[in-house]
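Descriptive structure summary
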Amino acid sequence: MKVINQEAEGESATKGKTGPLLFALVLTGFIAYAFIDSMLVPVFNDKVFPVAISGVALVAALALLLQMAMAPSAQHALFADGEISSDDAGSPYGLWGTLAWFLSLLVLTALVGFVIALVLFFLTFLLIRARTSVMRAVVLTVCGVGFIVAMAGTLNRDFPPGLLQAQTELPWPLR
């Protein structure tokens, strides 16, 4: 485990340790919940991947919390906020706009199911946000969704359904 001993530069340091520590603590709690929940899955083959991922993430989150708690001050690089004064400060896309894109994926999934929502999300994101050509957006969408569907088929998994699936019988992977 590598401990960062750098001081944050200039205005990128946060005003205190409390906010970042609370944020890291909440995320660690979520990861701990995911680990415990995945351990409760009754079929061993179904829990291997989530237990492995959440277990590694939990160890990393606990290590981060320990480093943050032991950091001498809020000026430590662990608490640096690059969105304040780094190269990313002038980014044309802010946090809330980016989160809105992912919220739209969740809302679409609830309405039309995951696969249809993913196709719509990929196409609109690539065309509007990434400003790619229509042909490139279609190719990337087909490749991305095709890979996800192929993996789900290989692993014998279903996708989250939406209201559309509650009203209509659709073939896999759309159900």
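Read on for an overview of the structure.

Calculation criteria
Residues numbered from 1 in each chain as written. Predicted model: local features only at pLDDT ≥ 70, side-chain atom pairs only at ≥ 80, totals over all residues. Heavy atoms only, no water. Helix = DSSP H or I, 4+ residues; strand = E, 2+ residues; numbered from the N terminus. Buried < 20%, exposed > 50% of the residue type's maximum accessible area, 1.4 Å probe, protein only. Contact = heavy atoms within 4.5 Å. Areas by Shrake-Rupley, 256 points an atom, 1.4 Å probe, with all protein chains shown as cover. Axes fitted to C-alpha atoms, helices over the stretch in contact; angles between N-to-C directions. Parallel < 35°, antiparallel > 145°, perpendicular 65-115°, else oblique. Left-handed = near helix turned anticlockwise from the far one by under 90°. Nonpolar A, V, L, I, M, F, W, Y, C, P; charged D, E, K, R; others polar. Core = buried A, V, L, I, M, F, W, Y, C linked by side-chain atoms within 4.5 Å. Salt bridge = Lys/Arg side-chain N within 4 Å of Asp/Glu carboxyl O. Phe/Tyr/Trp six-rings, centres within 6.5 Å; stacked < 30°, edge-to-face > 60°.

To continue, consider the overall build of the protein. Each helix and strand in the protein was counted, giving 7 helices and 0 strands. The order of helices and strands in the protein, counted from the N terminus, is α-α-α-α-α-α-α. Counting all 175 residues of the protein, 26% fall into the buried class. Considering only contacts within the protein whose residues lie at least 6 apart along the sequence, 61% involve residues at least 24 apart. As presented, the protein carries roughly 12000 Å² of accessible surface, and 71% of it is formed by carbon and sulfur atoms.

What follows is about the packing of helix H4 (residues 95-112) against helix H5 (residues 114-129). Put simply, H4 and H5 touch, their axes get as near as 8 Å, and they point 150 degrees apart. Of the possible angle classes, the one that applies to H4 and H5 is roughly antiparallel. The two elements H4 and H5 cross, and the hand of that crossing is right-handed. In this structure, H4 uses Gly97, Thr98, Trp101, Phe102, Ser104, Leu105, Leu108, Thr109 and Val112 to contact H5, whose residues at the interface are Phe114, Ile116, Ala117, Leu118, Leu120, Phe121, Thr124, Phe125, Ile128 and Arg129. Partitioning the contact of H4 with H5 into residue classes produces 13 nonpolar, 5 polar and 1 charged.

In this section: the nonpolar core. Within soluble globular proteins, side chains that are nonpolar generally end up buried alongside one another. With 11 residues, the main nonpolar core is built from Trp101, Leu105, Val112, Val115, Ala117, Leu118, Phe121, Val145, Val149, Ala152 and Phe159. At 4 residues, H5 tops the list of elements feeding residues into this core. With near-sequence residues (within four places) excluded, Val145 lies in contact with Val115, Leu118, Val119 and Phe122. With 6 residues, the next largest nonpolar core counts Ala24, Leu65, Ala71 and Phe79 among its residues.

For the rest of this paragraph, the subject is the pattern of salt bridges. All told, the structure shown has 1 salt bridge when counted by the stated rule. The salt bridge partner of Asp46 is Arg157, with a shortest N-O separation of 2.3 Å. Here Asp46, found in helix H2 (residues 44-70), pairs with Arg157, found in the loop between helix H6 (134-154) and helix H7 (163-167); they are 111 residues apart in sequence, far enough to count as distant.

Turning next to the packing of aromatic side chains. A complete count under the given rule lists 7 aromatic pairs for this structure. Between Trp101 and Phe125 the ring centres are 5.2 Å apart and the planes differ by 85 degrees, which places this aromatic pair in the edge-to-face class. Here Trp101 is found in helix H4, whereas its partner Phe125 is found in helix H5, with 24 residues between them in sequence. Using a relative accessible area of 16% as the deciding quantity, one classes Trp101 as buried. For Phe125, a relative accessible area of 26% puts it in the partly exposed group. When the centroid spacing of 6.2 Å and the interplanar angle of 50 degrees are considered together, the rings of Phe121 and Phe122 count as tilted. Among the residues examined, Phe122 registers a relative accessible area of 22% and is labelled partly exposed. Three or more aromatic residues link up through ring pairs in this structure, and these residues are Trp101, Phe102, Phe121, Phe122 and Phe125.

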